[in-house]
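Understanding the architecture of this molecule
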Amino acid sequence: MSFFEKGKLSGDDVHLTPLINDLDTGIWKYNFNTREVKWSTGFYTLLGYQVNEIECDAYTFFEHLLYHSDKPFFFNAINNRITEDTPSLQLRFLTKKNGYQWFETAIRKLDDEHGCMVYGSLININRYKQDYLLSANNQITNDDAFKTARLGIWEIDPQNLNTIVLSKQVYDLFDLQNHLKLSVEEFISFFEPPYRPVLQNAINHTVEDSRPFDIELLLRSAKNNMLWLKVKAVPVIDHLGKCTSVKGVIQDIDSEKRKLLKLEQSINLLTDQNRRLQNFAYIVSHNLRSHTGNLQFMVNLFEQTETTEEREEIFSHIKTISDSLDLTIEHINEIVKIQTEITKERKMVELEPMFKNICSALKNNIETINAHVESDFTQCREISYIPAYMESILQNLLTNSLKYSHPDRQPVIKCYTFTEGKHIYLIFEDNGIGIDLNRYGDKIFGMYKTFHQNTDAKGIGLFITRNQIEALGGSIKVDSTVNVGTKFTIRLV
C-alpha cells in the first residue's frame, strides 16, 4: 500500500508536505533498514497507473520501474551524504503507456526511530530531455568487456528481423565467414534445440517490454563445435520509451561452464554415493543383526536343552542360520567389490559377442521354456566400460527375464541399444509376468526384495545391477505391467 491516500499525508510523513505543491509531483520513500518502499498517489498518476495497480515494494521500484542503466547513479546518490546542495537526479522510469520517460527526483535523508529513511520527489521532465538521450551502445560497450577474450557484439532492428548485425568476433565463434548475412531466425538456429525458445523469448521480451537479458546457451557452430556462450542484450529506447534496437554482446564461457558442469556432476555423484553408502550400511546392519540374533537365540536354546534329539534339531537350525549368514556376507562382499573396482581401467566392450556368450551359457534355461531372445546393438556396438560389470548387468537382466517368464505364452526377450544426445541406453524388454509397481515400485532394486512366489528368487540380482550401473555414473529405471511384461531402461553413460 502507498503511504499517501487522496492527496493527504499524515503521521511521520507530514514533513513531506512541501514536496507536493505541484500536482505533477510524485513522492517516494525508502527505508534502508527494512527495504520498505512507499509512494504517493501522485507517483502512480505520473507513471500512468491506477492506485495499487502495481505492487508498492522495492522489487517493483528497482527492477520493474527504474531503467537498468540508471540504477548505479541512483544507488550512488542515496548511499552518499546528501545535503541541501545535492543536485537532483535525472532518471528513467517505465510508464504504463509511453515506455520509459525521463523524471527528475530530489532526494533527502532522515534518520528517525524507524531507521534511515530516504525521501524523494518525482517530476516528469521528458519533454526537456529528448535531446540528451544516451546511446545504448555506450551502455553495453565498455573497456572491460572488450578486454575479455573471444567477445563480440550483435544488434537487431525490431523493424527488420531479416538481418542481424554481427561483429567479426561473433562470426568467429559461429565458425562462419563474416560476409554472410543472417536473419534472426538463422542466428537462433545455431543454438541447440532446447535453448532456441529461450533465446527467442528473451529477444521478444526485450523488444516488447524493453527488458535486458543475460543467459547462457549451448551453440553448435558451422563446424559442429559445441560451445557454451553467454548472450547479453539491452534495449535502445526512443523518447517514447519504445525499443528501437536491441544491442548485445556474446562471450565465450565454454571453459568455465564445462568446469562448473563437471563440478556439479561430481557433487551429484558424491551425493548419490553417500546415499547408497547409507543405504548399504543400513542393509548390512539390519541383515547381520537378524542373523546374529537368531544365532544367539538358538545357541542359548541349545545350552538349555538336555535331550540329544532336541539338541540335534536345534543344531540343524544353527547350521541353517550359519549358512544363511555366510551367504549374506558373500553378497555384502560383492557389493563392496563393486565400489573398489570403480577405479579399474575401462575397456572397449563389444556388446554383441558378450551377449551371445551369455546366451550360450544360459542355453539350457532358454531352451527349457522355449524362449525367443532378440538382440540389436547396431546403434551402439561397443562401449567403454568395466567388462566384468557389463557382463554381470547383461547376465542378471537376462536371467531375470527368463526366471519370471509367463507360463501361458512363449517368452520373448529383447535386448537393444540406442543413443540420445551424448547418452547411450541399453534396453531389456520381456513379455513375462510383470511387477506391480504401485505396490513394489520403491522396493524393486532393494536388497533381498522379492515380489513373486519363485523359490529361486534371492532378491540380490537387481540390487547388484543397480549398484554397478550407478557406480559408473549411469541410471536404471523400470516400467512394468502385471501379466504384460517388464522393460528396464539403463543409461550407461
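Residues numbered from 1 in each chain as written. Predicted model: local features only at pLDDT ≥ 70, side-chain atom pairs only at ≥ 80, totals over all residues. Heavy atoms only, no water.

**Remarks on a nonpolar patch on the surface**
Selection criterion: For patches, a residue must show more than 30% relative accessible area and have no salt bridge; joins then use 9 Å for like charges and 5 Å for nonpolar side chains, namely Val, Leu, Ile, Met, Phe, Trp and Tyr. Note on areas: Shrake-Rupley, 1.4 Å probe, and residue coverage restricted to the protein chains presented here. For salt bridges, the criterion is a side-chain nitrogen of Lys or Arg within 4 Å of an Asp or Glu carboxyl oxygen. A run of DSSP states H or I qualifies as a helix once it reaches four residues; a run of E qualifies as a strand once it reaches two. Both are numbered from the N-terminal end. For every residue, the accessible area (1.4 Å probe, protein chains only) is compared with the maximum for its type, and the residue is labelled buried under 20%, exposed over 50%, or partly exposed between those bounds.
A cluster of nonpolar side chains, contributed by Leu-260, Leu-263 and Ile-267, occupies part of the molecular surface with about 260 Å² of accessible area. Relative to the assigned elements, Leu-263 resides in helix H10 (residues 254-304). The exposure class of Leu-263 is partly exposed, given its relative accessible area of 47%.

**Notes on empty space enclosed by the protein**
One water molecule sets the probe size; rolling that probe over the atoms shows where empty space is left. Using the following cut-off: Residues are called lining when one of their atoms sits within 4 Å of a cavity or pocket point, these points coming from a 1 Å grid over the protein atoms alone, where a cavity is a set in which a 1.4 Å probe fits but cannot get out and a pocket is an open set with protein on both sides within 12 Å along at least five of seven lines. Grid points are joined across faces, edges and corners, and a volume is the space filled by probe spheres set on the points.
Scanning all chains against the criterion turns up three cavities of 30 Å³ or more. Approximately 70 Å³ is the volume found for the largest cavity. In terms of lining residues, the largest cavity is bounded by 10 residues, among which Asn-400, Tyr-404, Asp-430, Ile-435 and Thr-486 are the most central. Sorting the residues of the lining of the largest cavity by element identifies helix H14 (387-403) and strand S18 (485-491) as the ones contributing at least two each.

**Quick notes on the layout of surface pockets**
The condition that has to hold: When residues are grouped by polarity, Ala, Val, Leu, Ile, Met, Phe, Trp, Tyr, Cys and Pro land in nonpolar, Asp, Glu, Lys and Arg in charged, and all others, Gly among them, in polar.
Roughly 910 Å³ of volume is contained in the largest pocket. What lines the largest pocket is a set of 26 residues, among which Leu-261, Gln-265, Lys-422, His-423 and Arg-491 lie closest to the centre. Element by element, the count of residues in the lining of the largest pocket is highest for H10, at eight residues. Split by residue class, the lining of the largest pocket holds nine nonpolar, six polar and 11 charged.

**A closer look at unusual backbone geometry**
Non-glycine residue Asp-175 carries a positive phi angle of around 60°. Mapping Asp-175 onto the fold places it in the loop between helix H7 (168-173) and helix H8 (184-189). Even without a glycine there, the phi angle at Asn-224 is positive, about 70°. Within the fold, Asn-224 resides in the loop between strand S9 (213-220) and strand S10 (226-237). Asn-224 gets classed as partly exposed once you look at its relative accessible area, which sits at 49%.

**Focus: the confidence of the model for the chain**
The following threshold applies: Per-residue confidence from the predictor is given as pLDDT, running between 0 and 100. Should any heavy atoms of two residues lie within 4.5 Å, those residues are considered in contact.
Within the chain, residue pLDDT values average 79, and 77% of them lie at 70 or more. Between the elements of the chain, mean pLDDT differs from a low of 44, seen in helix H5 (residues 136-140), to a high of 93, seen in strand S13 (residues 372-376). Taken as a whole, residues 1-11 scores under 50 in pLDDT and shows 28 contacts with residues more than four places along the chain or in a different chain. A low-confidence stretch, residues 448-458 (pLDDT under 50), is modelled with 23 contacts involving residues beyond four sequence positions or located in other chains.

**Considerations on the packing of aromatic side chains**
Note the cut-off: When the centres of two rings from Phe, Tyr and Trp lie within 6.5 Å, Trp using its six-membered ring, the rings pair. Their planes under 30 degrees apart give stacked, over 60 give edge-to-face, and anything left gives tilted. Either the NZ atom of lysine or the CZ atom of arginine qualifies as a charge over a ring when it sits within 6 Å of the ring centre and within 35 degrees of the ring normal.
Counted under the stated rule, the structure contains 27 aromatic pairs. Residues Tyr-30 and Phe-62 carry aromatic rings whose centres are separated by 5.5 Å and whose planes lie at 85° to one another, so their mutual orientation is edge-to-face. Here the residue Tyr-30 occupies a position in strand S1 (residues 25-31), and Phe-62 occupies one in helix H2 (residues 58-65), the gap between them amounting to 32 residues. Measuring from ring centre to ring centre gives 5.9 Å for Trp-39 and Tyr-44, while their planes differ by 80°; the resulting arrangement is edge-to-face. Each member of the pair Trp-39 and Tyr-44 is classed as buried. An aromatic cluster is built from Trp-28, Tyr-30, Phe-32, Trp-39, Phe-43, Tyr-44, Phe-61, Phe-62, Phe-74, Phe-75, Phe-93 and Phe-103, whose rings are joined through pairwise contacts. Cation over ring: Lys-257 sits above Trp-228, and NZ or CZ is 4.9 Å from the ring centre.

**Some points on the sheet that holds strand S15 (residues 412-420)**
Consider a sheet: its strands pair through backbone hydrogen bonds, and that pairing is either parallel or antiparallel. In plain terms, the rule: Two strands are counted as paired when DSSP detects at least two bridges linking them. To obtain each axis, a line is fitted to C-alpha atoms, and for helices this fit is confined to the stretch in contact; angles are then taken between N-to-C directions over 0 to 180 degrees.
Here we have five strands laid out as an open sheet, ordered S13-S15-S16-S18-S17, and mixed in their pairing. Strand pairing shows two members of the sheet lacking a second neighbour, S13 and strand S17 (475-481), which therefore form its edges. Across the sheet, the mean angle separating the axes of adjacent strands is 15° when strand polarity is ignored. Bridge analysis of S15 against strand S16 (residues 423-430) gives eight bridges, and the strand direction is antiparallel. By the bridge assignment for S16, Thr-419 is matched with Ile-424. Lying on the sheet, helix H12 (residues 351-361) is in contact with S13, S15 and S16; it crosses S13 at an angle near 170°. The strands touched by H14 are S13, S15, S16 and S18; relative to S16, the strand with the most contacts, the crossing angle is about 25°.

**Remarks on the environment of His-317**
Structurally, His-317 is set in helix H11 (residues 308-340). Overall, His-317 belongs to the partly exposed group, its relative accessible area being 39%. Each C-alpha atom of the pair His-317 and Val-299 lies 9.8 Å from the other, and the pair is 18 residues apart in sequence.

**Some thoughts on the pattern of salt bridges**
Once the charged atoms of two side chains with opposite charge are near each other, the side chains can pair. Considering all chains together, one arrives at 12 salt bridges under this definition. Residue Glu-155 is joined to Lys-247 by a salt bridge in which the shortest nitrogen-to-oxygen separation is 3.9 Å. Pair noted here: Glu-155 is in strand S7 (residues 151-157) and Lys-247 is in strand S11 (residues 243-252), with a separation of 92 residues, a long-range link. Residue classification places Glu-155 among the partly exposed positions, given a relative accessible area of 30%. With relative accessibility at 15%, the residue Lys-247 sits in the buried group. Among the ionic pairs, Glu-216 bridges to Lys-257, the shortest N-O distance being 2.8 Å. A residue pair is termed long-range when its members are at least 10 positions apart, and Glu-216 in strand S9 and Lys-257 in helix H10 qualify at 41 residues. Judged by its relative accessible area of 15%, Lys-257 falls in the buried class. Three or more residues are tied together by salt bridges with common partners; here these are Asp-214, Glu-216, Lys-230 and Lys-257.

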